2 protein chains.
Amino acid sequence: MELSERKKKILRAVVESYIRTAEPVGSKAILELTELKVSSATIRNELSDLTEMGYLEQPHTSAGRVPSPKGYRLYVNELMEEQRLSLEETRQINEALHLKMQELDKVIDQAGRMVSQLTNYPAFALAGGRQSTTIRRYDLIMVDTNSFIVVVMTDSNVVKNKLIRLPTDLSQPQLQMLTTLLNASFVGKSLEELTPELMRVAEHAAGSAYGLISLVVSFAMEVLDSLEHSPVYTAGASHILDHPEYRDVDKAQKLMSYLTEEQSLANALDLPALNSDNTKILIGPENVADELKDTSVVLASYDIGDGMKGVIGVVGPTRMDYAKVAAKLSYVADGLSKLFGQGELPPALDEKEE
Amino acid sequence: MELSERKKKILRAVVESYIRTAEPVGSKAILELTELKVSSATIRNELSDLTEMGYLEQPHTSAGRVPSPKGYRLYVNELMEEQRLSLEETRQINEALHLKMQELDKVIDQAGRMVSQLTNYPAFALAGGRQSTTIRRYDLIMVDTNSFIVVVMTDSNVVKNKLIRLPTDLSQPQLQMLTTLLNASFVGKSLEELTPELMRVAEHAAGSAYGLISLVVSFAMEVLDSLEHSPVYTAGASHILDHPEYRDVDKAQKLMSYLTEEQSLANALDLPALNSDNTKILIGPENVADELKDTSVVLASYDIGDGMKGVIGVVGPTRMDYAKVAAKLSYVADGLSKLFGQGELPPALDEKEE
DNA sequence: CTTTAGCACTCGGGGATAGTGAGTGCTAAA
DNA sequence: TTTAGCACTCACTATCCCCGAGTGCTAAAG
């Protein structure tokens, strides 16, 4: 059943006023907010209808109306106007996006912090999307007679290293031999394929440099493992205290500890992220996690390249300026995609100063 | 002027009771907490003295007494008994200390989280201590005709790498030549010594592989830079909401945003850390940072090896169980020192499972 | 059938008031 | 110096009341 034009106008007025003021909206206030040429009694009738239909709620009998999750949903789907960012805002984001090209996870972490600051909501950011990564190459660099550096590179172009020290001595030819062996036997294997049996066979072949294989390969496994379970970076949890719905310390604390708990968001999120086009809004009970049932989540996805995608978003009360937040997130996500798209070319040579 | 035995007993009772209950302590309560064979009136006289001397404070005329920072200080210096951790507690910490040997910063971050969980206070952890680090060696690993991996190792045994892609092709001999040049000209130089002039001279010598030098060296500079400004990891900021002194949302928020603000703690801390022996307690106004004037900080330092030290600690209200917190921190710090001390030997070979 | 004016009603919030009780400080005697 | 006794202070809580915003309903008008 389609809502009448007038009802939509009224719903929209309620939502937008409530987003701004956090106060229930009364019939008279709506008269001032819209161009409607009717009396407050008419508005009241409409409000009553909208409440009955489930788009609005009443905190108590003699208060104004507040949007319900269903109301927000309708607003987001049909009523909300796409928000254009001001020049000042885009400038600010562009500036903040001038992140140092560092390790991927640091960049993502930074981006999360930035979004939190930008929106005044707790933010999260994560990367993921590849099912099975494999090691593309191994290199061993000799440092001393008893230490060397392992460098592994994955087929998603992630490079990690580790310094390994040994109680025994080691020769350059040995290392050379090991490298060859590693690249012959352990390249192109996913985490699951790096089985103990495989290791045993290889160790056999390794001869005197026996135990090293397992050291190097378990490092590789750690790397692959950490790529599959990439962490969720959260930032700005304290921002929830900015918003009046969390004046209640207990509520605030519950949400906050949920947000800072390592893996919690990861579970709640990656499903919707993958299928979605650019941005996605989850309102109140639409969230799967119980702890988020009366919060909203807005997220945007971006491209990292090498087959990986990322998601960045914020968490806040259902009373959230969806239009603005979505616009900002989308802008940031686009920026990140571009950043990663060009990021692997060398930076312009004139960046030497700074 | 030395306090009488009895005054000390009373002060101690007040502090310990207040730490437990967060309620002002009255004269009668003290009678029950101590073995003193006097009347409450006598206690009142003593309390009055202690208040006048500045060791106690009165929230209002008709309330009990609360320790002042000066009172806590005396308690910590003279009255507090060293707390022994229970078996359960040490077991718990030992277990948590079985951190995966990962990159240094991840381990430190983990340790911070752990301490926060252990103590129910916001925690921080950081590393530092070396003034000027230099690069010990450069290695370039060829991947394709147009991409290679830089690996740099510092004299503090930190190894970092980066994948660099180029629009132009590159030959193995070129890379070889570059490596030689880099190791000849840029090894043993600190951040300050890697001047633009030096770079220009080297680029000249590099011939056709001209621009690459600057790419590699600026990566090295980034590495050195990040080592000097090593970040402060904070965790568990939401824990301050556990404590009744932060029922006031505004106070909580102020502290919390201070804690999550990147660099703020770094400035406030490294001074006392360096000179101190193992653990250190800073009570209320003893803190340099204004934002911490009515909080306390307990910290412990640990050894990372290779000339680096680290600090780990918690922030909380002045009403803090100093004995317990200090004991836990000290235990954790010792554990970390040991972990780092042995960490660079290979892990036992039987760790393959897990 | 829709809109409107009018009006009684509801209910949360703020402010005043009073009672309670824990705890004090002081005085005077032991 | 200690103690008993006592008046006093002051935060805290409960209760009441009032106020006003906002509603829902009714009945009349369009």
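Reading guide: rules and limits
- Residues numbered from 1 in each chain as written.
- Chains lettered and ligands numbered in written order.
- Predicted model: local features only at pLDDT ≥ 70, side-chain atom pairs only at ≥ 80, totals over all residues.
- Heavy atoms only, no water.
- Helix = DSSP H or I, 4+ residues; strand = E, 2+ residues; numbered from the N terminus.
- Contact = heavy atoms within 4.5 Å.
- Near = heavy atom within 4 Å.
- Polar contact = N/O pair within 3.5 Å; in protein donor to acceptor, adjacent residues only side chain to side chain.
- Nonpolar A, V, L, I, M, F, W, Y, C, P; charged D, E, K, R; others polar.
- Buried < 20%, exposed > 50% of the residue type's maximum accessible area, 1.4 Å probe, protein only.
- Pairing = 2+ DSSP bridges.
- Buried area = accessible area lost by both parts, 1.4 Å probe.
- Salt bridge = Lys/Arg side-chain N within 4 Å of Asp/Glu carboxyl O.
- Axes fitted to C-alpha atoms, helices over the stretch in contact; angles between N-to-C directions.

Quick word on the environment of glycine 54 of chain A
Residue and element names in this part refer to chain A.
Item 1. Inspection of the secondary structure puts glycine 54 in the loop between helix 3 (40–53) and strand 1 (56–57).
Item 2. The sequence separation of glycine 54 and glycine 71 amounts to 17 residues, and the corresponding C-alpha distance is 7.3 Å.
Item 3. Here glycine 54 is in contact with Ser68, Lys70 and Gly71, once residues within four sequence places are set aside.

Some details on the protein's contact with DNA strand D
Item 1. Near DNA strand D, the surroundings consist of 21 residues, among which Ser27 of chain A together with Ser39, Thr42, Thr61 and Ser62 of chain B are the closest.
Item 2. Taking all atoms of DNA strand D within 4 Å of the protein, the share assigned to sugar and phosphate is 78%.
Item 3. One of the side-chain N or O atoms of arginine 65 of chain A is found 3.0 Å from a phosphate oxygen in DNA strand D.
Item 4. The contact in question runs from a phosphate oxygen of DNA strand D to an N or O atom on the side chain of threonine 42 of chain B, over 2.3 Å.
Item 5. Among the secondary structure elements, those contributing two or more residues to the surface near DNA strand D are helix 3 of chain A together with helix 3 (40–53) of chain B.
Item 6. A total of four residues in the surface near DNA strand D trace back to one element, the largest contributor, which is helix 3 of chain B.
Item 7. Taken together, the residues of the surface near DNA strand D break down into four nonpolar, twelve polar and five charged.

Section: the pairing of strand 9 (residues 295–305) of chain A
Residue and element names in this part refer to chain A.
Item 1. Counting buried positions along strand 9 gives nine out of eleven residues, so the element sits mostly inside the fold.
Item 2. Sheet topology note: the strand 8 (residues 279–282)/strand 9 ladder contains four bridges and is antiparallel. Within the sheet, the bridge partner assigned to lysine 280 lies in strand 9 and is leucine 299.
Item 3. Sheet analysis places strand 9 next to strand 10 (residues 308–317), joined by ten bridges and oriented antiparallel. Bridge pairing in strand 10 links serine 301 to valine 311.
Item 4. Where strand 9 folds back on strand 10, the antiparallel hairpin that results is connected by two residues, among which aspartate 306 adopts a positive phi of roughly 55 degrees.

Things to note about the protein's contact with DNA strand C
Item 1. By nearness alone, 21 residues border DNA strand C, and Ser39, Thr42, Thr61 and Ser62 of chain A together with Ser27 of chain B come closest of all.
Item 2. Among the atoms of DNA strand C close to the protein, meaning within 4 Å, 78% are from sugar or phosphate groups.
Item 3. Taking arginine 6 of chain A, its side chain carries an N or O atom lying 3.1 Å from a phosphate oxygen of DNA strand C.
Item 4. With respect to DNA strand C, the side chain of glutamine 58 of chain B contributes an N or O atom lying 3.4 Å from a sugar or linking oxygen.
Item 5. Ranked by the residues each element gives to the surface near DNA strand C, the list is headed by helix 3 of chain A, at four residues.

Some details on the interface of chain A and chain B
Item 1. Taken together, the contact between chain A and chain B spans 49 residues of the former and 49 residues of the latter.
Item 2. A combined buried area of about 4,200 Å² lies between chain A and chain B, and 57% of that area is made up of carbon and sulfur atoms.
Item 3. Three residues stand out in chain A for area buried against chain B, namely Arg165, Leu241 and Val249 of chain A, and they jointly supply 14% of the buried area on that side.
Item 4. In this structure, the connection of chain A to chain B is made through six salt bridges.
Item 5. The salt bridge involving aspartate 105 of chain A is made with lysine 106 of chain B; its shortest N-O contact spans 3.5 Å.
Item 6. Linking chain A with chain B are six residue pairs in polar contact (both at pLDDT 80 or more), by the criterion used here.
Item 7. Every element with two or more residues in the side of chain A that touches chain B is listed here: helix 6 (104–119), strand 4 (135–142), strand 5 (147–154), strand 6 (159–165), helix 8 (196–206), helix 9 (212–228) and helix 10 (249–260) of chain A.
Item 8. Examining the composition of the side of chain A that touches chain B, we find that seven residues originate from one element, helix 10 of chain A, more than from any other.
Item 9. For the side of chain A that touches chain B, the class distribution of residues is 21 nonpolar, eight polar and 20 charged.

A short note on the sheet that holds strand 5 of chain A
Residue and element names in this part refer to chain A.
Item 1. Taken in spatial order, the three strands make up an open sheet running 4-5-6, and their pairing is antiparallel. Strands at the two margins of the open sheet, each flanked by one partner only, are strand 4 and strand 6. Strand-to-strand, the axes of this sheet are offset by a mean angle of 20 degrees, without reference to chain direction.
Item 2. Judged from the seven bridges that link them, strand 5 and strand 6 form a sheet pairing that is antiparallel. Bridge assignment links isoleucine 149 to a residue of strand 6, and that residue is leucine 163.
Item 3. Sheet strands touched by helix 7 (residues 172–185): strand 4 and strand 5. Its angle to strand 4, the strand with the most contacts, is close to 175 degrees.

A closer look at the pairing of strand 3 (residues 123–128) of chain B
Residue and element names in this part refer to chain B.
Item 1. Judged by how many residues are buried, strand 3 sits mostly within the fold: six of six residues are covered.
Item 2. Residues Ala123, Ala125 and Ala127 line one face of strand 3 and the alternating positions Phe124, Leu126 and Gly128 line the opposite face, and both faces are buried.
Item 3. Pairing of strand 3 with strand 7 (residues 233–235), which is carried by three bridges, proceeds in the antiparallel orientation. Each bridged residue has a counterpart across the sheet, and for alanine 123 the counterpart in strand 7 is alanine 235.

Honestly, it's all geometry; don't read function into it.
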